[in-house]
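Each chain, letter by letter, is given below.
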Amino acid sequence: MPLQFNDPAITVAIVGCGGFIGSHLLDAVLCRTKWRVFGVDVDFYRIQHRLHDERCEFLNADLADPGVVERIAKFPVVVNLAAICTPSRYMAEAPAVIRSNYDHPAALAEACAKSGAWLIHFSTSEVYGRTLEDSGELDEESTGFVFGPVASSRWSYATAKLLTERFIAGLEGLNWTIVRPFNFVGPYMDFMPGVDGEGIPRVLASFSTALVRGEPLKLVNGGKARRTFTSVFDAIDFMFALFVARENALSQIFNVGNPDNEVSIADLAARMRRIYAHLKGVPEESLPVPEVVDGEAYYGRGYDDSMRRLPSVEKSSRLLGFRAQVPLDVVLEESLNWFIGHYSDAAD
Ligand code: NAD
Ligand code: UDP
C-alpha cells in the first residue's frame, strides 16, 4: 500500500533531522503531508523554527543509546540520516567514523527487523570507492568496489557504509531501502569554519566560505576530481517518489544524483567565482585566484580521493519514475545566495 500523504495517523521517524538533508526533509514532510514526525538528533540549530510544531516530537539523543534505538524502531517509517559524514574527519577519527556509520545503523536495522518498520537508510555514493578518471557510470547492480589500502584512512567512512549496506541487505525480515546520495548541495549545507563548526566542510561550504572571506579557493591536487552535484530539493522529491512507490522500493538500493551536473572541482570553482561576482556586483578578476593544495597537506595523512562519480539513474527512473531536474548553476546560485545572507555578519 502506498503511504497516503493525507493520513494523520502516520508518524515518520527522522534520525538526523537537524542535519542538512534532515532539515529539508522535515520541512517537506510537514508542508506536503499531514503526517507526524518523531525527530532525533544531537543538534537542532537548523530546525529552530520547527521545535514547537504540534505535529512534531523531538528527542535530543544519541543513536549510540540502545534505548533510543528501541524508541525509533516503533514507528512504521524510519529514515536514518545520522552519521559522521565530513571527509576531513575520516582520517583523524576513523574509529568514531566507523562506529557512527556501521555500529549505530546496524543496531537500528536489527531493531527495525524486529518491529517491522520500513527502514530507509542513507548510505553514500562513496561506496563506489577509489574510482578513476575514466570510470564510467556507476550502477547499483553491476559496479564493483575498490578501496585504497588500510593506511588510506579516507576509506574508513566508505567501508563502514558498505558493510552497513551488506548487513541491512542480509537481515532476515527487514523492510529496507538504501539511498546512495551523489553530492547533494543547497542551503544549510555544512558550516562556516570558526563560526558554527570546526575543520574542513564539504566542497560547497569550503568554496563559499573562501569567497565570502575573500580568500583563495583551495583546489585539492589540482581540482581534477569530478562530481555530479545534486540539488537537495531534487533529493527531497526523490524521497517523496519513494514514499509513493513503496512496494517498488523495498529491498532496493538507489543512486540519487544528477548526471547532467557533472563537473571537475576546478570547473566548480570557476562557476562559483563567476556566480559570486555576479551576486555581489564585483568584477570576477577582483576575486583571489584559486590555489592548488596537496591532498594530504590539506586534509591530513591518509587522504585519498574518488576521481569520478557519475551515477546511473536508470533504476530510480524505472522503478520510481524519478529523475533529478535542477541544473548546476541554479543550485549553486541558490546556495551561494543563502550562504552570503546567512553568514553576512560572520565573514571575518
Ligand atoms: P549532516 O552532517 O548535515 O547531518 C547528519 C545529522 O546527524 C547531524 O545533524 C548530526 O548532528 C546527526 N547525528 C550524527 N550522529 C548522530 C548520532 N549518533 N545520534 C544522533 N544524531 C546524530 O549530513 P547530511 O549531509 O545531512 O547527510 C545525511 C546522511 O546522508 C548521512 O548519513 C550521510 O552519510 C549521507 N550522505 C550525504 C551526502 C550529501 O551529499 N549530503 C552524500 C553522501 C552521503
Ligand atoms: N575539495 C577541494 N577543495 C576544498 C574541499 C574539497 O578541492 O576546499 C575537493 C575534494 O578533494 C574532493 C571534492 O572536492 O575531490 C569533493 O569533496 P567533498 O569534501 O565535498 O566530498 P566528497 O565528494 O569527496 O565526499
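Residues numbered from 1 in each chain as written. Chains lettered and ligands numbered in written order. Predicted model: local features only at pLDDT ≥ 70, side-chain atom pairs only at ≥ 80, totals over all residues. Heavy atoms only, no water.

1. A short note on the pairing of strand β11 (residues 252–256)
It is a general feature of regular strands that their side chains alternate between the two faces of the sheet. When you tally the buried positions in β11, you get 4 out of 5 residues, the bulk of the element. In the sheet, strand β6 (residues 175–181) pairs with β11 via 5 bridges, with the strands oriented parallel. Directly across from P181, in β11, lies its bridge partner V256. (Buried < 20%, exposed > 50% of the residue type's maximum accessible area, 1.4 Å probe, protein only. Helix = DSSP H or I, 4+ residues; strand = E, 2+ residues; numbered from the N terminus. Pairing = 2+ DSSP bridges.)

2. Some details on the sheet that holds strand β2 (residues 36–41)
With parallel pairing, the 7 strands of this open sheet are ordered in space as β3-β2-β1-β4-β5-β6-β11. Only two strands of the sheet have a single partner each, and these edge strands are β3 (56–60) and β11. Adjacent strand axes in the sheet meet at a mean angle of 15° when their direction is disregarded. Packing of helix α7 (residues 232–244) onto the sheet brings it into contact with β4 (77–80), β5 (118–122), β6 and β11, and relative to β5 it is tilted by some 155°. (Axes fitted to C-alpha atoms, helices over the stretch in contact; angles between N-to-C directions. Contact = heavy atoms within 4.5 Å.)

3. Let's talk about α7
For α7, with 13 residues, the first-to-last C-alpha span of 19 Å sits near the 18 Å given by 1.5 Å per residue. Among the 13 residues of α7, 10 are classified as buried, and the element is accordingly described as predominantly covered. The set of residues buried in α7 consists of V232, D234, A235, I236, F238, M239, F240, A241, L242 and F243. Its side-chain oxygen at 3.0 Å from the backbone nitrogen of F233, S231 defines the N-terminal cap of α7. (Expected span 1.5 Å × (residues − 1). Polar contact = N/O pair within 3.5 Å; in protein donor to acceptor, adjacent residues only side chain to side chain.)

4. Quick word on the pattern of salt bridges
Using the criterion set out here, one finds 21 salt bridges in the structure. For the salt bridge of D305 with R154, the shortest nitrogen-to-oxygen distance reads 3.7 Å. Separated by 151 residues along the polypeptide, D305 in the loop between α10 (295–299) and α11 (314–320) and R154 in the loop between β5 and α5 (156–170) bring together distant segments of the chain. A residue is classified by how much of its surface remains accessible, and D305, at 13% relative accessible area, is buried. The partner of R271 in a salt bridge is D329, with the nearest N and O atoms 2.9 Å apart. With R271 in helix α9 (residues 265–280) and D329 in helix α12 (residues 328–342), this pair connects stretches of sequence that are 58 residues apart. Overall, R271 belongs to the partly exposed group, its relative accessible area being 21%. Among the charged side chains, a network of salt bridges with common partners joins E126, R154, R227, D305 and R309. (Salt bridge = Lys/Arg side-chain N within 4 Å of Asp/Glu carboxyl O.)

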